[in-house]
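# Observations on the model geometry
Listed below, chain by chain, are the residues.
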Amino acid sequence: MLMETPDENLALAAASGDRAAFAALVTRHYDRIFALGWRLTGNKAEAEDLAQDICAALPHRLRGWRAEARFTTWLYRVVVNAAHDARRRAAVRNRAADGWGDREIARQDAMAEDRAAQDWLMAAMAQLPVELRDTVALVLGEELTQAEAGLVLGLSEGTIAWRMSEVKKRLRAMAAEEAKA
Amino acid sequence: MTRDPDFEKLKAALKAAPASDPAAKVAALARAMDAYEDSALSGQGSNDPPRSTADRQPKAGFASGVRKMLNALKLKPVLAATTSAAALAVGLIVFLPQSEAPPERLAAPTPVAPAPAAAPEPAPEAIMTRKATPAEVAAPQDGVADLAMEAPVVEPSLSGLPAPDQRALPPESAEQFANADANPVQVTRDAPVSTFSVDVDTASYAFVRDSLMGGYLPDPEAVRVEEMLNYFPFAYPAPDVGEAPFRPTVTVMPTPWNAGTRLVHIALQGRLPEIEARPPLNLVFLIDTSGSMDDPNKLPLLKQSLALMLGELRPADQVAIVAYAGSAGEVLPPTPASERATILAALNRLDAGGSTAGAEGLTLAYRLAESMTAAGEVSRILLATDGDFNVGIDDPEGLEAFVARKRSTGVYLSVLGFGRGTLDDAVMQSLAQNGNGTAAYIDTLQEARKVLVDQLTGVLFPIADDVKIQVEWNPAQVAEYRLIGYETRALRREDFNNDAVDAGDIGAGHAVTALYEVTAPGSPALLHDPLRYGAVVADAMADAAATGAIAEDAPELGFLRLRYKAPRETVSALIEVPIVAGTEVTQDARFATAIAGFGQLLRGSVYLGDWGWDQAIDLAEANRGEDRFGYRIEAVNLMRLAQSLAR
């Protein structure tokens, strides 16, 4: 029965102390958090860490829940921001700034003959600057509209459109490179 | 757009996210429930024994470390700790620009840049706009970084205020300064004409201050005497209505560091801003959000600074924001300044990350600024950066050329520098000079207030472009001369009348100060021996004096010529003033001399003899004047600090 309650109501209930509502809410959204984490970082282990951190901080965050935005929009923002934080901490520790980069290096080391779809994705994502990657993860991965992605990232719809056209340009350039190789 | 075949491929690959690991999911959900129990949300609270956090992998690092610590502290100490976070935040209110933030800001959950422990915005804002409990303060509503809030609790020394001993040595840095060797003493007979461009930048003084406050003497290359002089407000006589946009005043006075020479103090005072009648202003904030800006002295200070300035704008003014890092983006389309909440929200959304693509951002900013400009309006790009233009331009000269080309469109470019370490002062200077703008370095919120609030009209409203100064010295009165400072602003003699040659601009209310040290013929202080065969010329001069070609009663030391263009004009106008001794020496002129001495001491000038810190301090102290905002007493204290550091 709880599963049919809208996210927004669950969140309000959870924010006012309903433990069961909170449990239902995180259970319902864990996979979504994990998947976006993976799309943002390109690394399963990192995505799991990220999801766990977010889950643990969620009660804290819910106090700020004011129900002005859709719950999922709010949650996406939480995930994107948490991924940014993780990236920044990684950068501070002077480690590779992001998972996609690591994977790209590993991929080039292996430079295996099998160019599976996964490899192509790694290469494509690694070539995109972080901002474009976030945008792609939301627009293509989560299938948000450009307006929704704009809400999540705090940017105008125009900027999202501009970024997507930038992605298209870069993908095309990549395809041209591949054709040459 | 999503029909694009490339997008389809990428989308399919992204859609194939791996399934979540059931064990990880169970662990995460368990942690979520634990956290829920511990949080104030749960009705029951928690009196349970501390739960193990051992299921976390150790590699989780800092985040889980902090959490473990907080978990170990358990409820009561945590509450005490958050209370101290609130107290900390209260202490910060004084500096906050958003004290009048309209309530809408609270309503919209805006992501705030969580530079660790550095962004003081969220908490105090909560405190000011409503009575927040300490627990609420500790919970950023935007759901960003609980860590950002917790860090000061865990270790207050992380809060971006380094202990003095940590900064005793100049930090390793990639800073590059623009400077040239100090101007040498010139022999009037060989080179009677001295030409330079005005400079209204102040960046150098702020560098010097930041270095001294950090406990080390500044790199002599970072010291530009003219910029130190420009830092101070002087009350030079302003032009009358209907006159040229600025008025020159020349004072001749004894040199404090050399009894055998005199100082010629040239002051230009720009017309004071007509605050009521100023034209509408279009501002494009071009903000560097690259990873290197993630520092308390950079992005957070930048946001506060720009927010301060917002209060000075009029409803007719427009603001747009472009961020650049990795890829450039328009963060805020042109918005009337009256929509303060919208602009503040956009500012607060900025977040550091990625590398710098300055060129792309600049192109976008110019495009926006050009689109905003209507007839009679002033458009300016304010580039805020730490100068780390390392990605995206392989060719800084190309960038400067671009800025110089854009100058003709009437869009001005000013540069605000933030933070130390990567600041490429040379590029900053060059961009601002080519963009007809000013370069200022902002190290504190007070400095931001000075540059962006007190002097807003001067920074933003040009009254005279391409202002050049030329002095022709009279060899009968001046045998040798030396221009103090302006090394990077020297112009060739023939450039003075060439309107195609760019020079510095003067903004509304700006004052420009230049000092020459001059030596009379026959003075024991002359550094050059007279030429054995030069007497013929000297005799001719004496003849000219005798026949009245050069008046004897008020002998001219030289002749000052100024060229300037009215904004957006292409033809320059000329102002001419003779340089004569005998005018009253003001306190302002004496204080300027003390600052020139300060700058030369820092540069290790060879012309000061045994005149040193004590004398400079006395001179500055004695000529503080009214000093309403304490800039001059601050300088005196900096001199004292430098004196101690120089020992």
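Residues numbered from 1 in each chain as written. Chains lettered and ligands numbered in written order. Predicted model: local features only at pLDDT ≥ 70, side-chain atom pairs only at ≥ 80, totals over all residues.

### As for the overall build of chain B
Basically, it comes down to this: Here a strand is any run of E in DSSP of at least two residues, a helix any run of H or I of at least four, and the numbering for each starts at the N terminus. Three exposure classes are used, based on other C-beta atoms lying within 10 Å of a residue's own C-beta, which is placed from the backbone: buried for 20 or more, exposed for 12 or fewer, and partly exposed in between. Note that contacts rest on C-beta atoms placed from the backbone: two residues are in contact if these are within 7 Å.
Each helix and strand counted, chain B has 21 helices and 16 strands in total. In chain B, which comprises 647 residues, the proportion classed as buried is 50%. Sequence-distant contacts, at least 24 apart, represent 79% of the contacts inside chain B between residues at least 6 apart.

### Regarding the overall build of chain A
Helices and strands together make up the secondary structure of chain A, namely 9 helices and 0 strands. Per-residue burial for chain A yields a buried fraction of 50% across its 181 residues.

### Remarks on the nonpolar core
Stated precisely, the cut-off is as follows: Note on terminology: a nonpolar core is a set of buried residues of type Ala, Val, Leu, Ile, Met, Phe, Trp, Tyr or Cys, with members joined through C-beta atoms within 7 Å. Where each domain starts and ends comes from a domain assignment, either automatic or drawn from a database.
Within the largest apolar cluster, 191 residues are counted, with the highest numbers of intra-cluster contacts made by Leu-286, Ile-321 and Val-322 of chain B. Sorting elements by how many residues they give to this core places helix α2 (residues 19-41) of chain A first, with 10 residues. Viewed by domain, this core spans two of them, domain 2 (186-273 + 466-525 + 555-646) and domain 3 (281-440) of chain B, each represented by three or more residues. Not counting residues within four places of it along the chain, the set of residues in contact with Leu-286 of chain B comprises Val-322, Tyr-324, Gly-361, Leu-362, Ala-365, Ile-381, Leu-382 and Leu-383 of chain B.

### Overview of unusual backbone geometry
Residues and elements named next belong to chain B. Residues other than glycine seldom take positive phi values, yet Asp-466 does so here, at roughly 45 degrees. As for its placement among the helices and strands, Asp-466 is situated in strand β11 (residues 462-473). Phi at Asp-627 takes a positive value of approximately 50 degrees, unusual for a residue other than glycine. You can see Asp-627 is positioned in the loop between α20 (613-622) and α21 (631-646).

### So, the sheet that holds strand β1 (residues 186-187) of chain B
All names here are of chain B. Spelled out, the test is: At least two DSSP bridges between two strands are required for those strands to pair. For helices, the axis comes from a line fit to the C-alpha atoms of the stretch in contact; other axes are also lines fit to C-alpha atoms, and the angle between any two N-to-C directions lies between 0 and 180 degrees.
The strand order β1-β12-β14-β4-β3 describes an open sheet built from 5 strands, whose pairing is antiparallel. Of all strands in the sheet, those with a lone pairing partner are β1 and β3 (246-255), marking the two edges. Note that strand β12 (residues 480-484) and strand β14 (residues 511-519) share 5 bridges and pair antiparallel. Bridging across to β14, Tyr-481 finds its partner in Val-518. Across the sheet, helix α19 (residues 587-603) is in contact with β3, β4 (258-270), β12 and β14; its angle to β14 comes to roughly 75 degrees.

### Observations regarding the packing of helix α8 (residues 146-153) of chain A against helix α9 (residues 157-180) of chain A
Residues and elements named next belong to chain A. Put simply, the rule reads: An angle counts as roughly parallel when it lies under 35 degrees, as roughly antiparallel when it exceeds 145, as roughly perpendicular when it falls between 65 and 115, and as oblique in every other case.
Where α8 meets α9, the axes come as close as 8 Å, and the angle between the chain directions of the two elements is 110 degrees. Considering the angle they form, α8 stands roughly perpendicular to α9. Of the residues in α9, those in contact with Gln-146, Ala-147, Ala-149 and Gly-150 of α8 are Glu-157, Thr-159, Ile-160, Ala-161 and Met-164.

### A short note on helix α1 (residues 7-15) of chain A
Residue and element names in this part refer to chain A. Let me state the cut-off plainly: The arc under discussion is defined with respect to the helix axis, by the directions toward the C-beta atoms.
Among the residues making up α1, those that are buried are Leu-10, Ala-11 and Ala-14. Within α1, the buried residues cover an arc of 100 degrees as seen down the axis, which keeps them to one side. Looking at the residues trailing α1, positive phi occurs at Gly-17, about 105 degrees.

### Some details on the environment of Ala-83 of chain A
Residue and element names in this part refer to chain A. Note that Ala-83 resides in helix α4 (residues 71-92). Ala-83 sits in the buried class, given 25 other C-beta atoms within 10 Å. The spatial distance from the C-alpha of Ala-83 to the C-alpha of Leu-40 is 7.1 Å, given a sequence separation of 43 residues. If near-sequence neighbours (up to four positions away) are discounted, Ala-83 is found in contact with Gly-37, Leu-40, Thr-41 and Leu-50.

### Topic: the environment of Ala-238 of chain B
Residues and elements named next belong to chain B. Secondary-structure assignment places Ala-238 in the loop between α10 (225-230) and β3. As for Ala-238 and Leu-272, which are separated by 34 residues in sequence, their C-alpha atoms are 7.0 Å apart. Non-local contacts of Ala-238, meaning those with residues more than four positions away in its chain, are made with Arg-247, Gln-269, Arg-271 and Leu-272.

### Digging into the confidence of the model for chain A
Low-pLDDT portions of the prediction should not be read for the details of their coordinates. Residue and element names in this part refer to chain A. Under the convention used in this document: Along the chain, pLDDT gives the predictor's confidence residue by residue, from 0 to 100.
Mean pLDDT over chain A stands at 77; residues scoring 70 or higher make up 80%. Mean pLDDT across the secondary structure elements of chain A bottoms out at helix α5 (residues 99-110), with 49, and peaks at α2, with 89. Within the model, the stretch residues 93-99 combines pLDDT values under 50 with 13 contacts to residues more than four positions away or in other chains.

### Comments concerning helix α2 (residues 22-38) of chain B
Note the threshold: Multiplying one less than the number of residues by 1.5 Å gives the expected span of a helix.
Over its 17 residues, α2 of chain B extends 24 Å from the first C-alpha to the last, a length consistent with the 24 Å expected when each residue adds 1.5 Å. Each element contacted by the buried residues of α2 of chain B is listed here: α2 and α3 (44-62) of chain A.

### Here we look at the confidence of the model for chain B
Residues and elements named next belong to chain B. In the predicted model, chain B carries a mean pLDDT of 72, and 68% of its residues have values of at least 70. Segment residues 548-552 is flagged for pLDDT under 50; beyond a separation of four residues in sequence, or across chains, it makes 8 contacts in the model. If you check the scores for this complex, the pTM reads 0.51 and the ipTM reads 0.76.

### Examining the pairing of strand β5 (residues 281-288) of chain B
Residue and element names in this part refer to chain B. Extensive coverage of β5 is indicated by the burial of 8 of its 8 residues. With burial as the criterion, each face of β5 is covered, one bearing Leu-281, Leu-283, Phe-285 and Ile-287 and the other bearing Asn-282, Val-284, Leu-286 and Asp-288. In this structure, β5 lies alongside strand β8 (residues 378-385), joined through 7 bridges in parallel fashion. Residue pairing across strands places Phe-285 opposite Leu-382, the latter belonging to β8.

### Quick look at the environment of Val-580 of chain B
Residues and elements named next belong to chain B. Assignment of secondary structure puts Val-580 in strand β16 (residues 573-580). With 16 C-beta atoms counted inside 10 Å, the residue Val-580 sits in the partly exposed group. A sequence separation of 316 residues divides Val-580 from Val-264, and the C-alpha atoms of the two residues are 9.3 Å apart.

### So, the packing of helix α11 (residues 299-310) of chain B against helix α12 (residues 340-349) of chain B
All names here are of chain B. Note the cut-off: Any residue outside Ala, Val, Leu, Ile, Met, Phe, Trp, Tyr, Cys, Pro, Asp, Glu, Lys and Arg is labelled polar, Gly included; the first ten of those are nonpolar and the last four are charged.
At a minimum axis distance of 10 Å, the contact between α11 and α12 shows a crossing angle of 170 degrees. One element, α11, and the other, α12, form an angle in the roughly antiparallel class. In this structure, α11 contributes Lys-303, Leu-306, Ala-307 and Leu-310 to the contact, and α12 contributes Arg-340, Ile-343, Leu-344, Leu-347 and Asn-348. Partitioned by chemical class, the residues of the contact of α11 with α12 number 6 nonpolar, 1 polar and 2 charged.

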